[in-house]
Amino acid sequence: YYVRPSYEKWQYKINPKFPTPQDVRLEIKQTLKGIVAAAFAPSLSLYLSQQGMSQAYCGVGERGWGYLAVSFLVTWVLADFFEFAYHYLGHSVTAMWQVH
């Protein structure tokens, strides 16, 4: 459906308007920024771990399953809250709508 879009296919979409070249460029730039941001945190984590400047651990042995489960849930809740806040601000703050 999306591989070779024609006008006939697009007119049945929710938004049948073709994106402008400027919108496509913006989408590509946002995607590239997301890729860089997604690669930065794990890279920094590995670097700091190799330099001995991190308290990160790998595996369950050191702290047990309870700590792993609690840290997973806390991380999940915080990430979900961040996504909610980011989306909410995208709809309520005019300057954030462009990056929404």
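This structure is a prediction, so every number in the text was calculated from the model and none was measured.

**Side note on the overall build of the chain**
Next, step 1: When helices and strands are tallied, the chain shows 4 helices and 0 strands.
Next, step 2: Counting across all 100 residues of the chain, residues that qualify as buried make up 2%.
Next, step 3: Counting every atom, the chain has about 9200 Å² of accessible surface; 66% of that belongs to carbon and sulfur.

**Overview of the packing of aromatic side chains**
Next, step 1: Here the structure, examined in full by the defined rule, presents 3 aromatic pairs.
Next, step 2: Between F72 and W76, the aromatic rings sit 5.6 Å apart at their centres with planes inclined by 50°, giving tilted as the arrangement. Of this pair, F72 and W76 both sit in helix α3 (residues 64-92), 4 residues apart, which is roughly one turn of the helix.
Next, step 3: Classification of W76 by relative accessible area gives exposed; the value is 54%.
Next, step 4: Pairing F84 with Y88 gives two aromatic rings, centres 6.1 Å apart and planes at 20°, and the pair type is stacked. Here F84 and its partner Y88 are both found in helix α3, 4 residues apart, which amounts to about one turn of the helix. Take F84 and Y88: they sit in the same class, and that class is exposed.

**Considering helix α2 (residues 21-50)**
Next, step 1: Helix length check: α2, at 30 residues, gives a terminal C-alpha distance of 43 Å against a target of 44 Å (1.5 Å per residue), a fit within 8%.
Next, step 2: Directly after α2, the chain includes G52, whose backbone phi takes a positive value near 75°.

**So, the confidence of the model for the chain**
Next, step 1: Here the chain averages 84 in pLDDT, and 87% of its residues register 70 or above.
Next, step 2: Predicted confidence in the chain is weakest over helix α1 (residues 7-10), with a mean pLDDT of 71, and strongest over α3, with 91.

**Quick notes on a nonpolar patch on the surface**
Next, step 1: A grouping of F81, F84, Y88, L89 and V93 is seen on the molecular surface, where their side chains present a nonpolar patch of about 530 Å² in accessible area.
Next, step 2: For L89, the position within the fold is in helix α3.

Cut-offs used in this document
Residues numbered from 1 in each chain as written. Predicted model: local features only at pLDDT ≥ 70, side-chain atom pairs only at ≥ 80, totals over all residues. Heavy atoms only, no water. Helix = DSSP H or I, 4+ residues; strand = E, 2+ residues; numbered from the N terminus. Buried < 20%, exposed > 50% of the residue type's maximum accessible area, 1.4 Å probe, protein only. Areas by Shrake-Rupley, 256 points an atom, 1.4 Å probe, with all protein chains shown as cover. Phe/Tyr/Trp six-rings, centres within 6.5 Å; stacked < 30°, edge-to-face > 60°. Expected span 1.5 Å × (residues − 1). pLDDT = per-residue confidence, 0-100. Patch = residues over 30% accessible without salt bridge, like charges linked within 9 Å, V, L, I, M, F, W, Y side chains within 5 Å. Salt bridge = Lys/Arg side-chain N within 4 Å of Asp/Glu carboxyl O.

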